[in-house]
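Understanding the architecture of this molecule
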Amino acid sequence: MTTTTTPSDAGTATEQVSLGTAPLTTRRDRLFVWTDLIIPLLCLAIVSAELYYLSQAPLDSIERDLVSNARIWQYTREHIVITFVIVVIVLAVAVPLGVLITRRQTAWISPFVLAFGNVGQAAPIVGLIAIVGIVFGIGFWPVVLIVAAFSILPVLRNTIVGIQQVDVGVIDAARGMGMSPRGILFGVELPLAVPIIAAGARTSLVLAVAVVPLGTDLDAGGLGQIVFPAIKLDRTEALVAGGLMIAVLALLIDWLGALAQRLLTPRGIR
Amino acid sequence: MSESAATTTSTHPTGATDGSEPSGVPIVLDGVTKKYPGTDSAAVDDIHLEIAPGDIVMLVGPSGCGKTTTMRMINRLIEPTSGRILIDGEDVLSLNDVKLRRTIGYVIQQIGLFPHLTIEANVAMVPRLLGWDKAKISERVEEMLSVVGLDPAEFAHRYPRQLSGGQQQRVGVARALAADPPIMLMDEPFGAVDPITRTKLQDEFLNVQQQIKKTIVFVTHDFDEAVKLGDKIAVLDKGSRIAQYATPEEILTSPADVFVEGFVGHGATLKRLQLERLDTLDLHSPDAAQQGVEPLPMRSTLHDVLDAMIADGLDSVPVERDGQVVGTVTLEDLLGRVRELRAEADAKKGTTTSESRPGAIPGTTPDLDAGSGQESRP
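Residues numbered from 1 in each chain as written. Chains lettered and ligands numbered in written order. Predicted model: local features only at pLDDT ≥ 70, side-chain atom pairs only at ≥ 80, totals over all residues.

Let's talk about unusual backbone geometry
Residues and elements named next belong to chain B. Cut-off, in case you're wondering: Each helix is a run of DSSP H or I of at least 4 residues and each strand a run of E of at least 2, with the numbering of both proceeding from the N terminus. With C-beta atoms placed from the backbone, a residue counts as buried when 20 or more other C-beta atoms lie within 10 Å of its own, as exposed when 12 or fewer do, and as partly exposed for counts between those limits.
With a phi angle near 65°, I111 is a residue other than glycine that sits in the positive phi range. Here I111 is to be found in the loop between β6 (104-108) and α4 (119-123). For I111, a count of 24 C-beta atoms within 10 Å corresponds to the buried category. Despite not being glycine, D180 has its phi angle at roughly 55°, a positive value. Relative to the helices and strands, D180 is located in the loop between α8 (165-177) and β7 (183-187).

Now the structure itself:
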């Protein structure tokens with residue numbers, strides 16, 4: 001194969017095209033910037049201040065028991081575990097469904113799946129939890145499943161949009177080069193959809209953090225075990241402490257999601 | 001560079017060429033039709049076309065004439081409704097479509113580089129699909145980037161968005177050539193870049209093609225591009241009806257019918273001069289009186305010569321080869337050459353009607369009045 005240009009030809013051509021080149025800026029070294037620390041530091045400050053306040057405040061025995069350090073940490077851990085399990089389920093269900101909707105052969109499932117996702121989100125969550133409690137009993141999994149159904153829509157929609165927004169020219173080139181449909185899905189469409197799918201996952205995460213406490217009555221665990229007793233017993237300090245922890249948790253999880261989103265996004269489109 | 005080329009040759013014999021014999025293979029479209037369900041008229045209606053190995057065939061025609069559809073049926077991105085497409089004698093419809101496409105280079109106007117992959121990974125895509133080993137792939141990537149005038153050291157590890165449009169299309173061409181396919185399909189590849197870059201890319205493309213001699217099907221709506229790049233031009237009308245399939249010279253001197261004439265546009269004679277080089281003329285001996293005039297190189301086109309004469313208000317200009325003035329060309333020489341071309345075309349008119357060339361399309365009959373009578377296929 002003599003597809004070689006003479007050295008002089010190649011040389012001049014390269015020199016000429018180099019002139020028009022934009023300065024080479026990669027953002028690899030800017031994957032983390034100092035402003036990324038603002039949110040965790042803020043959260044740390046809020047939690048420290050609240051814990052300090054609780055240790056100083058004149059609380060009665062019920063309150064002191066409700067917001068003891070041991071309880072707060074245990075419930076927070078539970079809350080994180082539940083949220084994590086929910087998001088794993090959401091991703092495991094919504095991404096494949098979103099992919100199926102964007103395949104020509106399986107696009108017919110689209111109305112059914114979207115209806116399911118919409119109903120999941122539109123249905124009154126407290127009512128759903130009550131029904132699930134009656135039908136399926138109480139515990140960890142009923143709550144996990146109902147909250148997963150509730151927060152599936154953002155990931156589902158973003159998976160569809162993320163795949164559909166991939167440049168048709170890129171897909172055409174990929175097909176024209178002889179990439180298989182599977183190769184195009186895993187090598188082109190999904191990598192290019194990552195930032196958008198991840199954005200959906202962040203929304204789902206925050207939704208899940210916020211909704212999990214509603215499942216407290218089904219005994220799934222989490223920070224709702226501070227908030228709802230505090231409401232019933234009219235203990236404002238405990239209520240604020242529980243609410244604050246949930247808010248801080250949502251902020252932190254969204255922050256982690258943002259970092260993960262950045263890390264997972266392929267460099268070329270970052 | 002030459003070393004890597006030698007290695008490629010030894011491991012990949014189909015690409016071997018000494019620069020004169022084509023590495024491309026023939027393509028035959030035999031009664032190919034594409035009809036979309038629910039439409040009355042076919043997008044491509046019974047097209048017959050024979051493409052010789054190593055030729056650049058330009059499909060030109062107005063928007064919606066089916067030229068892109070025709071091209072995309074060759075690598076089966078669009079499935080023909082009926083007809084046969086033979087590549088090197090083999091019917092593509094009998095092959096696995098995905099594997100078929102790996103043996104056909106594909107370049108499109110939108111370029112379609114993978115934005116999440118480096119330039120290197122983009123160019124390496126088809127060789128990787130074909131399972132080449134790593135060392136051979138990276139060697140090949142470097143070679144291809146050099147061929148299209150991009151320094152591998154500078155560009156291999158960049159991402160597409162860090163390149164200009166022209167550079168991206170160079171990568172697009174390198175990517176299509178990477179697995180050394182005998183055939184290239186190009187859909188308005190230079191349509192989206194600025195005119196200066198386009199001219200440059202066209203020139204370099206011709207240079208590369210001269211060495212690799214692929215069989216190239218090139219879709220464009222720009223007739224000037226077709227004249228410049230094509231070994232042959234197929235002028236297409238609605239439904240991919242071939243109005244004329246001939247060399248650029250033939251189409252310019254004797255358009256088959258009114259449609260082709262309209263497509264050629266004004267100034268066909270001037271365009272024709274772009275295809276004639278100075279070395280086709282007998283030069284006069286150097287004229288001492290022209291000392292101050294900048295000589296034109298021997299490989300200038302007659303169009304360049306005429307342009308220079310008009311610009312300087314001269315009726316003769318000196319000609320140089322390798323820095324030496326070797327003769328003079330006059331306006332009378334140019335006019336004489338134009339008369340000769342006319343006469344050649346007229347002479348052909350008498351012969352082509354009786355001559356039945358394989359793959360010749362009725363449109364090649366240059367007689368305007370007889371044109372409609374010749375529509376039936378041979």
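Additional details are given in the paragraphs that follow.
As for the sheet that holds strand β11 (residues 296-297) of chain B
Residues and elements named next belong to chain B. Heads up, the condition is: At least two bridges found by DSSP between two strands is the condition for calling them paired.
Sheet architecture is open: 3 strands sit in the order β11-β12-β13, paired in mixed fashion. Pairing within the sheet leaves two strands with one partner each, and these edge strands are β11 and β13 (324-330). In this sheet, strand β12 (residues 316-321) lies alongside β11 in parallel orientation, the contact comprising 2 bridges. Looking across to β12, one finds that L296 is bridged to V319.

Some words on the environment of S41 of chain B
Residues and elements named next belong to chain B. Checked against the element boundaries, S41 lands in the loop between β1 (27-34) and β2 (44-51). A count of 10 C-beta atoms within 10 Å places S41 in the exposed class. With 198 residues separating them in the primary sequence, S41 and G239 have C-alpha atoms 7.7 Å apart.

Description of the sheet that holds strand β9 (residues 232-237) of chain B
Residues and elements named next belong to chain B. How we decide: Axis lines are fitted to C-alpha atoms, over the contacting stretch for helices. Their N-to-C directions set the angle, which ranges from 0 to 180 degrees. Note on contacts: each residue gets a C-beta atom placed from the backbone, and two residues are in contact if those atoms are within 7 Å.
Judged by pairing direction, the sheet is mixed, and its 6 strands sit side by side in the order β6-β7-β8-β3-β9-β10 without closing on themselves. Since the sheet does not close on itself, it has two edges, and those belong to β6 and β10 (241-246), each with one partner. Each strand axis lies, on average, 15° off the axis of its neighbour in the sheet, ignoring direction. Relative to strand β8 (residues 215-220), strand β3 (residues 56-60) is paired through 5 bridges, and the arrangement is parallel. Looking at the pairing, V57 lines up with V217 of β8. Its contacts with the sheet put α8 on β6 and β7, and the angle it makes with β6 is roughly 165°.

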